[in-house]
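Overview (structure and organization)
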Number of protein chains: 2
Amino acid sequence: MTDDYYRVALPDSELPTQWYNIIPDLPAPPPPPLHPGTLAPAGPDDLAPLFPMALIMQEVTGDSYVDVPGGVLDVLRLWRPSPLFRARRLEQALDTPAKIFYKYEGVSPAGSHKPNTAVPQAFYNHQEGVTRLTTETGAGQWGSALAFACAQYDMACEVWQVAASYRQKPYRKTMMEVWGAEVHSSPSEVTEYGRGLLAANPDHNGSLGIAISEAVAVAASDPGTRYALGSVLNHVLLHQTIIGEEALKQLAMVGETPDLLVGCTGGGSNFGGLSFPFLREKLAGRMNPVIRCVEPAACPSLTKGEYRYDFGDTGQMTPLLKMHTLGHSFIPDPIHAGGLRYHGMSPLVSHVYDLGLVEATAISQSECFAAALQFARTEGIVPAPEPTHAIAAAVREALACKESGEGKVILTALCGHGHLDLAAYEHYLSGKMVDLDLSDEALAAALADVPDLERTA
Amino acid sequence: MTDDYYRVALPDSELPTQWYNIIPDLPAPPPPPLHPGTLAPAGPDDLAPLFPMALIMQEVTGDSYVDVPGGVLDVLRLWRPSPLFRARRLEQALDTPAKIFYKYEGVSPAGSHKPNTAVPQAFYNHQEGVTRLTTETGAGQWGSALAFACAQYDMACEVWQVAASYRQKPYRKTMMEVWGAEVHSSPSEVTEYGRGLLAANPDHNGSLGIAISEAVAVAASDPGTRYALGSVLNHVLLHQTIIGEEALKQLAMVGETPDLLVGCTGGGSNFGGLSFPFLREKLAGRMNPVIRCVEPAACPSLTKGEYRYDFGDTGQMTPLLKMHTLGHSFIPDPIHAGGLRYHGMSPLVSHVYDLGLVEATAISQSECFAAALQFARTEGIVPAPEPTHAIAAAVREALACKESGEGKVILTALCGHGHLDLAAYEHYLSGKMVDLDLSDEALAAALADVPDLERTA
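It should be emphasised that the depicted structure is a prediction, and the values quoted were computed from it without experimental measurement. (Residues numbered from 1 in each chain as written. Chains lettered and ligands numbered in written order. Predicted model: local features only at pLDDT ≥ 70, side-chain atom pairs only at ≥ 80, totals over all residues. Heavy atoms only, no water.)

For the rest of this paragraph, the subject is the overall build of chain A. Counting its secondary structure elements, chain A contains 19 helices and 15 strands. Its C-alpha atoms put chain A at 60 × 50 × 50 Å along the principal axes. Within chain A, the fraction of its 457 residues that count as buried is 64%. For chain A, the proportion of contacts with a sequence separation of at least 24, taken over those separated by at least 6, is 76%. By element, 51% of the accessible surface of chain A is carried by carbon and sulfur atoms, the whole surface being about 15,200 Å². (Helix = DSSP H or I, 4+ residues; strand = E, 2+ residues; numbered from the N terminus. Buried < 20%, exposed > 50% of the residue type's maximum accessible area, 1.4 Å probe, protein only. Contact = heavy atoms within 4.5 Å. Areas by Shrake-Rupley, 256 points an atom, 1.4 Å probe, with all protein chains shown as cover.)

Encoded structure:
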């Protein structure tokens, strides 16, 4: 390639055909999930009512690589390989000697990295005869991705969208319907749990925890229906490693090796997807990048949470997961990065953080939007609220390089565009945005609800 | 390339470095614009208050090719070359032997083909010392594109957005502001013309014609300010030929030659940009595709309008242009494809249509949205309302191929995504959309206002 490139396009023939499983390469395996009743490690059979066996096997596999089926590749090829960009115009604006690269996942039909796992999840369910998938969605990115994926395999898709979001973001709902999904405001009249909540409060705002409960209840009650989760679990992170595998090849194409990776972390799938292939290279001694999680200061599970067993949902129905948690009863303040408003963290990301293999930092949303505006005006792309955290962290580092004179190579993931999040930008531009950083008091209150299982288990 | 490709990626090194001017290759030159006062052909000096001299020279050039400046290429590289897709999943759903290709311009920062001309327009103005550009916008695609382009050259940008759209589409306004533009609801208090209209009716809905008048008035009154137009004119179509030049190379990469081109036509810039390089090849005898314009049945300037001199705007301030027109006083019904709601047609597209080098058809919006839904569910991308016309025409042809057994190669342009047009899809999905095809009575009334200049001139 010439030296003045902006975009590094990976040839279609280089689309990765295997996902990478980091677990066998780690110095210790991650602690297993526990059955919430018995507190024994949860096995495949415990998950069978909700997930197809192929995905359960991926959840627990000890193989380092898993083949991507041809029927999945055929759909991923609609937008993959995704581009890697060198942010030259941002570098110039920052007057930094650093080189900033970003892997852009907004080119997917749903506009984020989520279809990378929605497609294989729909595929494996379809292969096992499942005809309908249910899920929850908050901001709408995951629901959109699953709706798109189900359309590819002629499967029905039902989405429980948090009521507040359903009312405030009608266009996300329409997008899901364009792809053929049925969208319910949650709590809904469809489930017993939902009906009870609506009876008590017809104007209920809902929550992600409630929407999960409804989607899970419907899936568990019908043999032709399964449930799909968009982050947190091992198989989701596995599917997302296609991001990092592509980025590795693209950096090699231009002869660069990263000194720093920064990725935003909510449930952890975007971060794991970008960083785990690079962490493999680091563990093998082939490169030595610093790898840094960036989380919102309003929901800082890694930097302020505790590493202990907790429930994945507010309703205490999921297996217990060992993870960095703010407490399953914690409801984050309504920052705009809805995809990062989760009380816990993927057990796998929590584990590598606990092992000291990655570090973490938290940033307030106004700094993130300031960075996003500078990014949009130089690089053109309007970022979704979630990756503004990664951009802000990259800008911090690039400015530090300006001070130190270091020409570091920084890699980040722009995991989605903000075309359906312009209300957040309006909020920022009009000067109304405030930071909603987590207070010590709120943190202590939420953590008090976490079951003390270290003794019990 | 392997034979199972979905996307044909043109290497960055193959980004075209020249725009193509079709005029020297035509059997006859297009009729010139006329000064509205003298009715003499309008010269460069007549346009100097509004446009920089470099663009005026491009408007009248007799050269076949114009070099793209390096400072323009550096910005176009943020998203160009744009991908060409083979719509294999749509072909399968239609069960057609036809091959459908689409050139996708939604990858640009503003989400449409408009930045292809917004960037060079901002560049040349910047080069000539202009510090501010004004323009009008209806649906918002053009205003967004110019806002993005001005941000790249640190220029101020002021956009007059039609009041009805300003109120109904707040997110388009926010998108322009993210890129640093100042957005006025039109009619506005900024201009004398606007103030007069608001005094008479404070709730005025505005129109594109009024917004043009305001943007032009502000540009003409300040020596550091110029005006930018997003379609219709020769230099705009010239800049858009980069679409067709790339598509030519991409089809050659996979060994295909088109039998049919279909492109949606509003002002004509997307259609001209896609088709003129192919028309060059056809005129030179190197290929022989049918080239077809597709317009909305609600605003069918080519298929139902008359080919005569008319004003480009409702306010009768522009030069007189020889074009297919429904009459400058015609206000199209409020179909969702706002970018196709223009009473006239680019003089250059009108001319090649009059010469019989291209053909035209009109399609109603409900057929367009039905095709768009099928497209979204197979190909993944949600199209903007404008290119749904091109998609519907491609589907028609593919189904005809199914009947005839012909394996035609069909090329179309998906000139933008519909992420900010989901209200239109909601309208369709809820069953409320009606066709608003132009009636003979409305047409006759609008044409009666066109000045009878054939005798005078």
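Next comes the rest of the description.
The subject of this paragraph is the interface of chain B and chain A. Across the boundary between the two partners, chain B contributes 41 residues, which contact 41 residues of chain A. Of the roughly 3,900 Å² buried between chain B and chain A on both sides combined, carbon and sulfur atoms contribute 56%. Where chain B packs against chain A, one counts two salt bridges. Here D12 of chain B ties to R7 of chain A by a salt bridge, and the two come within 3.8 Å at their closest N and O atoms. The tally of links from chain B across to chain A stands at 23 residue pairs in polar contact (both at pLDDT 80 or more). Looking at the side of chain B that touches chain A, the elements with two or more residues in it are α3 (70-76), α6 (141-152), α8 (170-178), α15 (365-379) and α17 (422-429) of chain B. With six residues, α8 of chain B is the single largest residue contributor to the side of chain B that touches chain A. (Buried area = accessible area lost by both parts, 1.4 Å probe. Salt bridge = Lys/Arg side-chain N within 4 Å of Asp/Glu carboxyl O. Polar contact = N/O pair within 3.5 Å; in protein donor to acceptor, adjacent residues only side chain to side chain.)

Our focus in this paragraph is the sheet that holds strand β7 (residues 156-162) of chain A. Residues and elements named next belong to chain A. Spatially, β8-β7-β6-β9 is the arrangement adopted by the four strands of the open sheet, whose pairing is parallel. The strands lining the two open edges of the sheet, one partner per strand, are β8 (182-186) and β9 (225-227). Pairwise comparison of adjacent strand axes, ignoring direction, gives a mean angle of 25° for this sheet. The pairing of β7 with β8 spans five bridges and is classified as parallel. Along β8, the bridge assignment pairs E158 with E182. Strands β6 (132-137), β7 and β8 of the sheet are contacted by helix α8 (residues 170-178), whose axis makes an angle of about 175° with β7. (Pairing = 2+ DSSP bridges. Axes fitted to C-alpha atoms, helices over the stretch in contact; angles between N-to-C directions.)

All names here are of chain A. Inspection of every chain in the model, using the stated rule, returns 42 salt bridges over all chains. One salt bridge in this structure joins E359 and R292, with 2.7 Å as the shortest N-O distance. Taken as a pair, E359 in strand β14 (residues 359-363) and R292 in strand β11 (residues 290-296) lie far apart in primary sequence, 67 residues in all. Of the residues examined, R292 reaches a relative accessible area of 16% and is grouped as buried. Residue E397 is joined to K408 by a salt bridge in which the shortest nitrogen-to-oxygen separation is 2.7 Å. Of this pair, E397 sits in helix α16 (residues 385-404) while K408 sits in the loop between α16 and β15 (409-414), and the two are 11 residues apart along the sequence. We classify K408 as partly exposed; its relative accessible area is 23%. In this structure, a network of salt bridges that share partners links the residues R80, K103, E105 and E246.

Residue and element names in this part refer to chain B. Ordered by their spatial adjacency, four strands build an open sheet running β8-β7-β6-β9, and the pairing between neighbours is parallel. Two strands lie at the open edges of the sheet, namely β8 (182-186) and β9 (225-227), each paired on one side alone. Strand-to-strand twist of the sheet, defined as the mean angle between neighbouring strand axes without regard to direction, takes the value 25°. Bridging between strand β6 (residues 132-137) and β9 involves three bridges; their strand directions are parallel.

Where helix α17 (residues 422-429) of chain A contacts α8 of chain B, the two axes come as close as 9 Å, and the packing angle between them is 55°. Classed by the angle they form, the pair α17 of chain A and α8 of chain B counts as oblique. When you trace α17 of chain A past α8 of chain B, the crossing you get is left-handed. When α17 of chain A is examined against α8 of chain B, the residues L422, A423, Y425, E426 and L429 of chain A are found in contact with a partner set consisting of Y171, K173, T174, M175, E177 and V178 of chain B. Partitioning the contact of α17 of chain A with α8 of chain B into residue classes produces seven nonpolar, one polar and three charged. (Parallel < 35°, antiparallel > 145°, perpendicular 65-115°, else oblique. Left-handed = near helix turned anticlockwise from the far one by under 90°. Nonpolar A, V, L, I, M, F, W, Y, C, P; charged D, E, K, R; others polar.)

The next subject is the relation of the copies chain B and chain A. Once chain B is rotated about the relating axis by 180° and shifted along it by 0.0 Å, it coincides with chain A to within an RMSD of 0.0 Å. Here the transformation between the copies is reduced to the relation of a two-fold axis. Distance from the rotation axis, computed per C-alpha, reaches its smallest value in chain B at H419 of chain B: 3.1 Å. Taken as a fraction of all interface residues of chain B, those also at the interface in chain A reach 100%, which identifies the copy contact as same-surface. (Least-squares fit on C-alpha atoms with pLDDT ≥ 70 in both.)

Residue and element names in this part refer to chain A. Mapped onto the elements, Q240 comes out in helix α11 (residues 234-253). Between the alpha carbons of Q240 and I410 there is a distance of 20 Å; along the sequence they are 170 residues apart. When near neighbours in sequence (up to four residues on either side) are disregarded, Q240 contacts H113, K114, N116, T117, S269 and G273.

Turning our eyes to something else, we now look at the side chain of H389 of chain A. Residue and element names in this part refer to chain A. In this fold, H389 is placed in helix α16. Residue H389 is classed as buried on the basis of its relative accessible area of 2%. When near neighbours in sequence (up to four residues on either side) are disregarded, H389 contacts C264, V294, E295, P296, A337, L340, I363 and C368.

A word on the pairing of β6 of chain A. Residue and element names in this part refer to chain A. Counting buried positions along β6 gives five out of six residues, so the element sits mostly inside the fold. Alignment of β6 against β7, held across six bridges, turns out to be parallel. Of the residues in β7, the one forming a bridge with T134 is E158.

By convention here, two paired aromatic rings are described through the distance between centres and the angle between planes. Tallied over the full model, the rule gives 24 aromatic pairs over all chains. Their ring planes at 25° and their centres at 6.0 Å tell us that F369 of chain B and Y428 of chain B sit as a pair that is stacked. In this pair, F369 of chain B is assigned in helix α15 and Y428 of chain B in helix α17, connecting sequence segments 59 residues apart. Here Y428 of chain B falls in the partly exposed class, since its relative accessible area comes to 23%. An aromatic cluster is present here, built from F85, Y102, Y104 and F375 of chain A joined pairwise through their rings. Between R88 of chain A and the ring centre of Y5 of chain A, over which it is positioned, the NZ or CZ distance is 4.9 Å. (Phe/Tyr/Trp six-rings, centres within 6.5 Å; stacked < 30°, edge-to-face > 60°. Lys NZ or Arg CZ within 6 Å of the ring centre and 35° of its normal.)

Moving on to the pairing of β6 of chain B. Residue and element names in this part refer to chain B. Taken across its six residues, β6 has six buried, putting it largely inside the fold. By the alternation rule, side chains of β6 split into R132, T134 and E136 and L133, T135 and T137, which are all buried. Considered for its hand, the β-α-β crossover made up of β6, α6 and strand β7 (residues 156-162) is right-handed. (Right-handed = clockwise from strand over helix to strand, strands pointing away.)

To continue, consider helix α18 (residues 440-447) of chain B. Residues and elements named next belong to chain B. Among the residues making up α18, those that are buried are L443, A446 and L447. Take α18 and look down its axis: the buried residues cluster within an arc of 95°, on one side only. In the core, the buried residues of α18 are packed alongside α13 (301-304), β12 (306-311) and β13 (320-325). (Arc of directions from axis to C-beta.)

Okay, the side chain of T412 of chain A next. Inspection of the secondary structure assignment puts T412 of chain A in strand β15. The contacts of T412 of chain A, once residues within four sequence positions are left out, are F101, Y102, K103, V262, L274 and A390 of chain A.

Note that V162 of chain B resides in strand β7. What makes V162 of chain B buried here is its relative accessible area of 10%.

With that out of the way, let us pick up the confidence of the model for chain A. Chain-level statistics for chain A give a pLDDT mean of 93 and a share of 98% at 70 or above. With pTM at 0.94, the complex prediction returns an ipTM value of 0.93. (pLDDT = per-residue confidence, 0-100.)

Taken as a whole and judged by the stated rule, the model has zero disulfides over all chains. With no disulfide of its own, C415 of chain A lies 3.9 Å from the sulfur of C264 of chain A, the closest cysteine sulfur. A relative accessible area of 4% places C415 of chain A in the buried class. Unpaired in this structure, C157 of chain B has its nearest cysteine sulfur neighbour in C150 of chain B, at a distance of 4.1 Å. (Disulfide = S-S within 2.5 Å.)

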